[in-house]
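# Observations on the three-dimensional arrangement
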Amino acid sequence: MAAPHPAAVVAGIGAWLPPDVVTNHDLSARMDTTDAWIRQRTGIRRRHIASPGTAASDLAVEAGRRALESAGLRTVDMVVLTTTTPDKPCPATAPAVAARLGMEGVPAFDVAAVCSGFLYALATSAGLIAAGTADHVLVIATEVYSAIIDPADRGTAVVFGDGAGAVVLRRGDPDEWGALGAFVLGSDGVHEDLIQVPAGGSRQRKSGLPPGPGDEFFRMRGKEVFRHAVQRMTTACRQATLAAGWEPDRVDRLAAHQANARILTAVSERLGLAGDQPLSNIEQVGNIGAASLPVLLAHSAERGELKPGHHLLLTAFGGGLTWGATTLVWPQL
Ligand code: COA
């Protein structure tokens, strides 16, 4: 029988949030919303916001450095970064981050899948490890949503925050703790308009028309996205547990993209998980896009809610539409 592919094993983790905090009360002082509405409809109380001049790469460097330290490494042989808010439309953000982490010459590139970006970046990196292209990969998810949020749009301004998270993956054995399981990934571009930044890309530029008012901002049709998010994450989770050979009651913790506390409840109820299983930090950080999952993992491990040996189900959903899920047993880091 052919030997199984080498697995990608989580060997280090790090997170970084910019220090400035915006509370619901701060937002209600500047737009037509209330702390009560935001808490009840989203579960969010506060979010961290990058100060003017702080870009996605700045947060990425901080998170990446912490993940490398956690893995006991100074360098890796690949840097894969994911973001919805790159420093510039061109080039990718990853090479600059790699260079600032002292890894000039190391291959570095970006993966784009909006809020599912971390899972897509993990899957890409696991493939590179399985193919023998890399032994150690630094995967960084970083977001400065405050750069693209319309400050007057209460449907998004109350939801999104900034931050970065990172993991180091190493080549390892599929049976060891930390080994990423099979990836379930999907997309449905029919609904690309549910989450988008309409202007700034080749479509708007080549149209010869100037951007419409506010077209440079992030737009989300929240109610419709909510429905898709619950449905897609639930199905992806079922497929990932099946691929891992886990019964639903084998799952100790659900780590789902922190889009909305009500989405977390809906997904975990549909999966039949106990109330203490979904990990959550949305109250403190809001929705930080692709960075949501690695920051959640870092915070949950720090707080002792995620322990070595826990059977963990990871899932995300975002613009594209895109979604994904995978499994792992949380390692001793
Ligand atoms: N404060 C007060 N009222 C608000 C508000 C705010 N910040 N935002 C919207 N409202 C109002 C609306 O105007 C609407 O009023 P109306 O009934 O008089 O028309 C009402 O609240 C309900 O709006 P709706 O958009 O239906 O709210 P919602 O309960 O769907 O919550 C989101 C909005 C964005 C929080 C929610 O839809 C959501 O989380 N969507 C999913 C996001 C997601 O999964 N993203 C994944 C990829 S990032």
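In what follows, the accompanying structure is described. (Residues numbered from 1 in each chain as written. Predicted model: local features only at pLDDT ≥ 70, side-chain atom pairs only at ≥ 80, totals over all residues. Heavy atoms only, no water.)

## Quick word on helix H11 (residues 292-302)
Within H11, 9 of the 11 residues are buried, leaving the element largely enclosed by the surrounding structure. Three or more residues of H11 are buried, namely Ser292, Leu293, Pro294, Val295, Leu296, Leu297, Ala298, His299 and Ser300. Looking one or two residues beyond H11, the residue adopting positive phi is Gly304, at roughly 80 degrees. (Buried < 20%, exposed > 50% of the residue type's maximum accessible area, 1.4 Å probe, protein only. Helix = DSSP H or I, 4+ residues; strand = E, 2+ residues; numbered from the N terminus.)

## Description of the environment of Ala229
Tracing the sequence through the fold places Ala229 in helix H8 (residues 222-244). For the pair Ala229 and Ala141, spaced 88 residues apart in sequence, the C-alpha to C-alpha distance is 20 Å. Not counting residues within four places of it along the chain, the set of residues in contact with Ala229 comprises Ile263 and Phe317. (Contact = heavy atoms within 4.5 Å.)

## Brief notes about the sheet that holds strand E7 (residues 162-172)
Hydrogen bonding along the main chain pairs the strands of a sheet, whether they run parallel or antiparallel. Spatially, E1-E7-E6-E4-E5 is the arrangement adopted by the 5 strands of the open sheet, whose pairing is mixed. Each edge of the open sheet is held by one strand with a lone partner, namely strand E1 (7-16) and strand E5 (108-111). With strand direction ignored, the average angle separating the axes of adjacent strands in the sheet is 20 degrees. Where E1 and E7 come together, 9 bridges link them in antiparallel fashion. Each bridged residue has a counterpart across the sheet, and for Trp16 the counterpart in E7 is Ala164. Strands in contact with helix H3 (residues 56-71) are E1, strand E4 (78-82), strand E6 (136-144) and E7; relative to E1, the strand with the most contacts, it is inclined by about 125 degrees. Lying on the sheet, H11 is in contact with E1, E6 and E7; it crosses E1 at an angle near 80 degrees. (Pairing = 2+ DSSP bridges. Axes fitted to C-alpha atoms, helices over the stretch in contact; angles between N-to-C directions.)

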